[in-house]
Amino acid sequence: MSAEHHVIYIPGLNDQRRGYERLIRRWSTYGVTPHVHRVGWLDQESFRPKLERLVDQVDQYLDEGQAVSLVGASAGGSAALNALIERPKITAVVNLFGRLRKGENVRPSLDFAARKSPAFKESVLLFESREPEMDDNSRRKVLCLTPLIDEAVPRSTVSLNGATNRTLYTVEHSLSGLLAITFFSSVAINFVKQQVRQG
């Protein structure tokens, strides 16, 4: 019997909204077990304990010999990549329109985007500082998606060298995030499953 493959969805700043579990329930039709991990971006706690709780959930499945992948949306993208650096045994990471670096001369600025969540700013800056630690194998595990038009996250801050970087033919940040986990969820989940086959 093959090991179970857990796919953890990490929402963005408004992660206390209800309904994420219902939205990603159909991922199970692809043969994976979906979960939602709410970071709690707006509670003013620093990012490090938030990352530790995410890594603890990853370890729970890894310790059972099961595969784990992460799908981080918006603010959840940098959290997912930080977890991959902590746990290179993660099978795959999908960054859905998430900011991975501060960026230069871009709008909105990171300070503005993170004005309600210091933890989000910490997450972005932590990943940016640790990105050089990633080897080629880790980078190949990553899919970064950007919409055609995103008013909330500068396009230049989303991609990752050595990863698969693609454009999803959608517009507007929140709408694109919804479509990416529903109508276009096959893009993310098929990438995840491809990493299992290649591994």
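Scoring rules and cut-offs
Residue indices begin from 1 for each chain and proceed along its sequence in written order. Reporting in this predicted model follows two pLDDT cut-offs: at least 70 for local features of residues, and 80 or more for side-chain atom pairs to be given and counted; totals over whole chains, interfaces and linings ignore these cut-offs and use all residues. Water and hydrogen atoms play no part in the side-chain values, which are based on all heavy atoms of the structure. Secondary structure elements are taken from DSSP: a helix is a run of H or I of four residues or more, a strand is a run of E of two residues or more, and numbering for both begins at the N terminus. What makes a nonpolar core is a set of buried Ala, Val, Leu, Ile, Met, Phe, Trp, Tyr and Cys residues whose side-chain atoms join them at distances within 4.5 Å. Classification of residues uses two cut-offs on accessible area relative to the type maximum, computed with a 1.4 Å probe and protein chains only: under 20% is buried, over 50% is exposed, and between them is partly exposed. Two rings from Phe, Tyr or Trp (for Trp, the six-membered ring) form a pair when their centres are within 6.5 Å of each other. A pair whose planes differ by under 30 degrees is stacked, one over 60 is edge-to-face, and the rest are tilted. Pairs of strands are assigned from DSSP output, requiring at least two bridges between the strands. Structural elements are reduced to axes, namely lines fitted to C-alpha atoms, with helices fitted over the stretch in contact, and the angle between N-to-C directions of any two is expressed from 0 to 180 degrees. Only heavy atoms enter the contact rule, under which two residues are in contact if any of them lie within 4.5 Å.

> Can you break down unusual backbone geometry residue by residue, with the values?
Between arginine 107 and the following residue, proline 108, the backbone shows a cis peptide bond with an omega angle of -5°. Here proline 108 shows up in the loop between strand 4 (92-96) and helix 4 (110-113). The phi dihedral of phenylalanine 97 is positive, around 65°, even though this residue is not glycine. With respect to the helices, strands and loops of the structure, phenylalanine 97 is situated in the loop between strand 4 and helix 4.

> Please give an account of the nonpolar core that cites residues and values.
With 35 residues, the main nonpolar core has Leu70, Leu81, Val142 and Leu160 as its most contacted residues. Listing elements by their share of this core, those giving two or more residues are strand 1 (5-10), helix 2 (47-62), strand 3 (67-73), helix 3 (75-86), helix 4, helix 5 (118-130) and strand 5 (142-149). With 7 residues, helix 3 is the largest single contributor of residues to this core. Listed in part, the 24 residues of the second largest apolar core include Ala92, Leu96, Leu168 and Ile189.

> Give me the packing of aromatic side chains: which residues, what numbers.
Summed over the entire model, instances satisfying the criterion amount to 4 aromatic pairs. Ring geometry for tyrosine 9 and tryptophan 27: centres 6.0 Å apart, planes at 85°, overall edge-to-face. Of this pair, tyrosine 9 sits in strand 1 while tryptophan 27 sits in the loop between helix 1 (20-24) and strand 2 (33-36), placing them 18 residues apart in sequence. Judged by its relative accessible area of 1%, tryptophan 27 is buried.

> Before we move on, could you go through the sheet that holds strand 1 and cite the residues and values that matter?
Strand order in the open sheet made by the 6 strands is 2-1-3-4-5-6, with parallel pairing throughout. Two strands lie at the open edges of the sheet, namely strand 2 and strand 6 (164-171), each paired on one side alone. The mean inter-strand angle of the sheet, taken between neighbouring strand axes irrespective of direction, is 20°. In terms of strand pairing, strand 3 meets strand 4 through 5 bridges, oriented parallel. By the bridge assignment, alanine 73 is partnered in strand 4 with leucine 96. In the packing of helix 7 (residues 173-181) onto the sheet, the strands contacted are strand 1, strand 4, strand 5 and strand 6, and the crossing angle to strand 6 comes to about 110°. Helix-sheet contacts for helix 8 (residues 185-198) involve strand 1, strand 3, strand 4, strand 5 and strand 6, and the interaxial angle to strand 4 is about 160°.

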